[in-house]
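# Observations on the model geometry
Each chain, written out:
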Amino acid sequence: MTGRSPRLSRLRRMAPEARGGKPVEGRGAKPRRRGAQPKVVALGGGMGLSASLAALRRITGDLTAVVTVADDGGSSGRLRDELGVLPPGDLRKALAALCGDDDWGQTWARVIQHRFQSKGELHEHAVGNLLIVALWEQLGDHVQALDLVGRLLGAHGRVLPMSAVPLELQALVKGHDPERPEDIDTVRGQATVALTPGEVQSVHVVPHDPPAVPEAVAAVLDADWVVLGPGSWFSSVIPHLLVPELLDALTETKARRVLSLNLAPQPGETDGFSPQRHLEVLGRHAPKLALDVVLADEAAVPDRDLLTDAAKRFGAAVELAPVARTDGSPRHDPELLAAAYDRIFRMHGRIGPWR
């Protein structure tokens, strides 16, 4: 790799406390031996990131989630519109996923995920969203507030927003209007993009050069492993590649990089996508990004050779493993996914101190 960019050096100096990639240790967190576990950073949003975090917290105590901030629907969208804050919903879900399996962790996970049911303004607001926004207003610091919530929950890791400003996701969609199947329209808003009819060609964010959170950049640069995905491809996974400073860090880090594929195409957003098609659109948005491993469920890959060829363009090997729940739903099983990640961390790349 070439030398690190001045922009990354500046961001890293702004967040010296993130150099060690320390998770937040609170009530219920397991003590860890220094240098005994891999430093892992997981990027994404929504339920896909939650699945990855629920698995990763089982195999490392040095875990950081870097979360998208483009959500504009539901409770998050209402708080964003009314108060001008970052959308807290995906951050809340990540914190809930990092809660332990003991009574303390599971009680707080349920509390922050609880949504009010009423005929008034509180209807469908999540408790955790209100708590996070209240601490942002009290402390005036996104990272400090999220760290405080993590300590309260006993979270087994740290949660960071990928950018310091709320982002608007925009997509170029072919056939968005069924009466004009060959036309390409601009669709605005993450909630709309996620369910858009037609074929998403590409996505971008507004503002076009959003600032990354310095602690997120520092965590990626200091990681042993970076995990991208699973999740909504255009609205949760690819947006991380649209923050220039974060993309620079992902390109320049010495960490090994794992891409975790979805179990099935997402209705609307990736209808009809093969596993290799997911890689192709990722490469179009970040042509300089290299990967080390592409992880997929063996039952979700109809043609391993095609996926292997697509992965080779990133310099990556393909690992197939049973990671889906056995109930037939397109959801990851946290224990099976943890076993797959653990095997990848142990089998691929340089030998680390956790081995």
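Residues numbered from 1 in each chain as written. Predicted model: local features only at pLDDT ≥ 70, side-chain atom pairs only at ≥ 80, totals over all residues. Heavy atoms only, no water.

## Overview of the side chain of Ser163
Mapped onto the secondary structure, Ser163 falls in the loop between strand 3 (158–161) and strand 4 (168–174). A distance of 3.4 Å separates a polar atom in the side chain of Ser163 from the backbone nitrogen of Val165. Within the structure, the side chain of Ser163 is placed 2.6 Å from the backbone oxygen of Pro211, a separation counted as a polar contact. Apart from the residues lying within four places of it in its own chain, the contact partners of Ser163 are Val69, Leu86, Pro210, Pro211, Ala212 and Val213. (Helix = DSSP H or I, 4+ residues; strand = E, 2+ residues; numbered from the N terminus. Polar contact = N/O pair within 3.5 Å; in protein donor to acceptor, adjacent residues only side chain to side chain. Contact = heavy atoms within 4.5 Å.)

## Here we look at the sheet that holds strand 10 (residues 317–321)
Ordered by their spatial adjacency, seven strands build an open sheet running 3-2-1-7-8-9-10, and the pairing between neighbours is parallel. The open sheet has two edge strands with one neighbour each: strand 3 and strand 10. Between one strand and the next, the sheet's axes are offset by a mean angle of 20°, whatever the strand orientation. Pairing of strand 1 (residues 40–44) with strand 2 (residues 63–67), which is carried by five bridges, proceeds in the parallel orientation. In the sheet register, Gly44 faces strand 2, and the bridge partner there is Val67. (Pairing = 2+ DSSP bridges. Axes fitted to C-alpha atoms, helices over the stretch in contact; angles between N-to-C directions.)

## Remarks on the sheet that holds strand 4
Spatially, the three strands line up as an open sheet ordered 5-4-6, and their pairing is antiparallel. This sheet does not close on itself; its edge strands, each paired only once, are strand 5 (184–188) and strand 6 (199–206). Averaged over all neighbouring strand pairs, the angle between strand axes comes to 25°, with direction disregarded. Two elements, strand 4 and strand 5, share five bridges in a ladder whose sense is antiparallel. What sits directly across from Gln170, in strand 5, is Arg188.

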